[in-house]
Amino acid sequence: MAQPMTQDELKRAVAHAALREIPDGEIVGVGTGSTVNFFIDALATIRSRVRATVSSSERSTERLRALGFQVLDLNDVERVPVYVDGADEIEPGGAMIKGGGGALTREKIIAEVAERFVCIVDASKVVPLLGRFPLPVEVVPMARELVRRRLRAMGGEPRLREGYLTDNGNQILDVHGLQIEAPREFEYRINQIPGVVTVGLFAQRGADVALIGGADGVSTRTF
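Caption draft 1: How the structure looks around a nonpolar patch on the surface. A cluster of nonpolar side chains, Val 140, Met 142 and Val 197, forms an exposed patch at the surface whose accessible area comes to about 300 Å². Considering the arrangement of structural elements, one finds Val 140 in the loop between β7 (135–139) and α5 (144–153).

Here is the structure:
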């Protein structure tokens, strides 16, 4: 009897499955995180087909450059046909919680530019309702306590990610205890709090397709 795949094996499987989403000779948007690391390694096997990349974090940029990819500044790019990234949670409508790795702002910017957002996850990240994973909120440091009070009033318990600054020099509040039933509306409300840079709720611009690694292989959901 075959042994069940480990989580890393599932991540590797969805990372390789994402290669079929990559158009020839185009710029590829690349996210951040453990599953994306597998994708970057897989992308190196078709490097000659990739014109260049844009990256959502310094960590991914370093990995891409080490494998011989050109990494462009997004300001120098007119279009990004596809963006591949993971998620901490994804629900049936394609809304996601992202930012566990701290790159939520740059991830959201590239997602907004991308024509197609491909989310790669293992099956443990698929949930009926967002909120079990703490929701990251990137904040300007001087606004931290203001934002914390507002988030508490919205039903969450915000905790400072201790000893961490984003690539943009900001802090992150991880909001525990949420059950997000209307993700698009909730994203909008958090965005209105002064001092919030980005909320790691990707609902207004969610995934277009999810590649999900499970016991029976990689399945595809479109939204």
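Caption draft 2: Spotlight on the layout of surface pockets. A volume near 280 Å³ is recorded for the largest pocket. Lining the largest pocket are 13 residues, and of these Ser 55, Leu 72, Asp 73, Leu 74 and Arg 106 sit closest to its centre. Looking at the lining of the largest pocket, the elements that each hand over two or more residues are α3 (58–66) and α4 (104–113). The computed volume of the second largest pocket comes to approximately 210 Å³. Elements that contribute at least two residues to the lining of the second largest pocket include exactly α2 (34–43) and β6 (117–122). Taken together, the residues of the lining of the second largest pocket sort by class into three nonpolar, eight polar and six charged.

Caption draft 3: Summary view of the packing of aromatic side chains. One pass over the full model with this rule turns up one aromatic pair. Considering the side-chain rings of Tyr 83 and Phe 117, the 5.0 Å spacing of their centres and the 50° angle between planes classify their relative orientation as tilted. One end of the pair, Tyr 83, is in strand β3 (residues 82–85); the other, Phe 117, is in strand β6, and 34 residues separate them in sequence. Looking at Tyr 83, the relative accessible area reads 0%, which means it is buried. Taking the relative accessible area as the measure of exposure, Phe 117 reaches 0% and is therefore buried. Between the NZ or CZ atom of Lys 98 and the centre of the ring of Phe 202, over which it lies, the distance is 5.4 Å. Positioned above the aromatic ring of Tyr 164, the side-chain terminus of Arg 161 is 5.5 Å from the ring centre.

Caption draft 4: Highlighting the pattern of salt bridges. Counted under the stated rule, the structure contains 16 salt bridges. Here Arg 116 makes a salt bridge to Glu 21, at a shortest N to O gap of 3.0 Å. Here Arg 116 is found in the loop between α4 and β6, whereas its partner Glu 21 is found in the loop between α1 (7–17) and β1 (26–30), with 95 residues between them in sequence. Classification of Glu 21 as buried rests on a relative accessible area of 16%. The partner of Glu 115 in a salt bridge is Arg 79, with the nearest N and O atoms 2.9 Å apart. With Glu 115 in the loop between α4 and β6 and Arg 79 in the loop between α3 and β3, this residue pair connects regions lying 36 residues apart in the sequence. Classification of Glu 115 by relative accessible area gives partly exposed; the value is 47%.

Caption draft 5: Summary view of the pairing of β7. With five of five residues buried, β7 lies mostly within the body of the structure. Here β7 shows a buried face lined by Leu 135, Val 137 and Val 139 and a second buried face lined by Pro 136 and Glu 138. Inspection of the sheet shows β7 paired to strand β9 (residues 171–176) by five bridges, in the antiparallel sense. Note that in β9 the partner of Val 139 across the bridge is Gln 171. Where β7 lies against strand β10 (residues 196–199), three bridges are found, and the strand directions are antiparallel. The residue of β10 that forms the bridge with Val 137 is Val 199.

Parameters at a glance
Residues numbered from 1 in each chain as written. Predicted model: local features only at pLDDT ≥ 70, side-chain atom pairs only at ≥ 80, totals over all residues. Heavy atoms only, no water. Patch = residues over 30% accessible without salt bridge, like charges linked within 9 Å, V, L, I, M, F, W, Y side chains within 5 Å. Areas by Shrake-Rupley, 256 points an atom, 1.4 Å probe, with all protein chains shown as cover. Salt bridge = Lys/Arg side-chain N within 4 Å of Asp/Glu carboxyl O. Helix = DSSP H or I, 4+ residues; strand = E, 2+ residues; numbered from the N terminus. 1 Å grid on protein atoms, 1.4 Å probe; cavity = no way out; pocket = protein on both sides within 12 Å on 5 of 7 lines; lining within 4 Å. Points joined across faces, edges and corners; volume = space filled by probe spheres on them. Nonpolar A, V, L, I, M, F, W, Y, C, P; charged D, E, K, R; others polar. Phe/Tyr/Trp six-rings, centres within 6.5 Å; stacked < 30°, edge-to-face > 60°. Buried < 20%, exposed > 50% of the residue type's maximum accessible area, 1.4 Å probe, protein only. Lys NZ or Arg CZ within 6 Å of the ring centre and 35° of its normal. Pairing = 2+ DSSP bridges.

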